[in-house]
Amino acid sequence: MQEQKKESKRITVKKAKQRRSLEEEGDTSMELDDDNYDNRKRKKPNLSSEKLQVQKEKNTRTLFIGNLPKDVTKADLKKVFAEFGQIENLRFRSLAPADPTLSKKVVAVKKSVHDGRSTLNAYVVFGTERDAKAALQKNGSKFGGNHIRCDLADAAQVHDHRRSIFLGNLAFDIEEEEVRAHFAECGNIEGTRIIRDPKTGLGKGFGYLLFSSADSVLLALKLNNTDLRGRLLRINRSVKKAKAAKTERPSAKGGRPPVKGEGSSATGERPSAKEVIMQKHEGPKPTNKLPKLGHKEKRKDKKVKRKTTATNAVKKMTAFNRVKK
């Protein structure tokens, strides 16, 4: 009886958590928090194959709009995007709550946004996929003083690292427009992305900048260690994750870090190719310890010891008899 009660209690708690998460996040298939919407792992609801197909079709005609001013209304957005076609649904997302106890749904309805955030994101569902693609021409345009970013909700993000830079040591409450203004002299900017905490909405201190041309990256790199909001920026080229991990690790296979004394010097450097070849030819270094014996070897060793002991005993008895005679 006790086990059944525990099992039923566990199922009830699990269902309550699932219901709460769905209420807070709304449509999870298109719930994209903050500006790192394209590379975050999204929760996949347990949908049937038919519902999944319907949801995928809906995503193809859904437009993501980022960096909107927080005082924007649905009527304002409809005025701008109604020219591209019929709008079925419109909802706001990525609102940093003023009160952390409020759910995301309540924050979106009441517009109870944190004072440290001045932007939010939105999703616009059009009647057809063609209308949603036509609305992409608004990407980079100004809306309420901000340069908005537009993209399809189901778009496979292929980031061009040749035209991008990594920004480090950013202020936690910095906004995209401030970053854009700092790099405006380098060339045309396609997109600004500040990595934010999904719960608080505040920045994590780093982000990315995408230019229209790769030549702008060279100009942007010259602004390394320049001051922005009282912080010295750290600017590097944007690289793929796999490549970055390879440069950080001592080997591509994830070997252990170098130890002092190894390699060509005592500074902990990796051994050269010549030293590796020499070590292979020389073989393993001699040690004072004897190799460990397996189970079979131990049995053989015991038999040998017994034979030698018996032989020694016979020899001793023979020598004793000779002396006695």
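Residues numbered from 1 in each chain as written. Predicted model: local features only at pLDDT ≥ 70, side-chain atom pairs only at ≥ 80, totals over all residues. Heavy atoms only, no water.

Turning next to the overall build of the chain. When you go through the chain residue by residue, the secondary structure sums to 10 helices and 12 strands. By the burial criterion, 31% of the 325 residues in the chain qualify as buried. Expressed as a percentage of contacts within the chain between residues at least 6 apart in sequence, the contacts between residues at least 24 apart total 67%. Total accessible area on the chain stands at roughly 22500 Å², and carbon and sulfur atoms take up 53% of it. (Helix = DSSP H or I, 4+ residues; strand = E, 2+ residues; numbered from the N terminus. Buried < 20%, exposed > 50% of the residue type's maximum accessible area, 1.4 Å probe, protein only. Contact = heavy atoms within 4.5 Å. Areas by Shrake-Rupley, 256 points an atom, 1.4 Å probe, with all protein chains shown as cover.)

As defined by bridge partners, strand S7 (residues 164-168) adjoins strand S9 (residues 203-211) across 5 bridges and the pair is classed as antiparallel. Its bridge partner being in S9, phenylalanine 166 is matched across the sheet by tyrosine 208. Sheet topology note: the strand S8 (residues 189-196)/S9 ladder contains 6 bridges and is antiparallel. Residue pairing across strands places arginine 193 opposite tyrosine 208, the latter belonging to S9. (Pairing = 2+ DSSP bridges.)

Moving on to empty space enclosed by the protein. To locate leftover empty space, one rolls a probe as large as a water molecule over the atoms. Considering all chains together, one arrives at 1 cavity of 30 Å³ or more under this definition. When residues of the lining of the largest cavity are traced back to their parent elements, those giving at least two are helix H6 (176-182) and S8. Class assignment of the residues belonging to the lining of the largest cavity gives a composition of no nonpolar, 4 polar and 5 charged. (1 Å grid on protein atoms, 1.4 Å probe; cavity = no way out; pocket = protein on both sides within 12 Å on 5 of 7 lines; lining within 4 Å. Points joined across faces, edges and corners; volume = space filled by probe spheres on them. Nonpolar A, V, L, I, M, F, W, Y, C, P; charged D, E, K, R; others polar.)

That is the geometry; function is a separate question.
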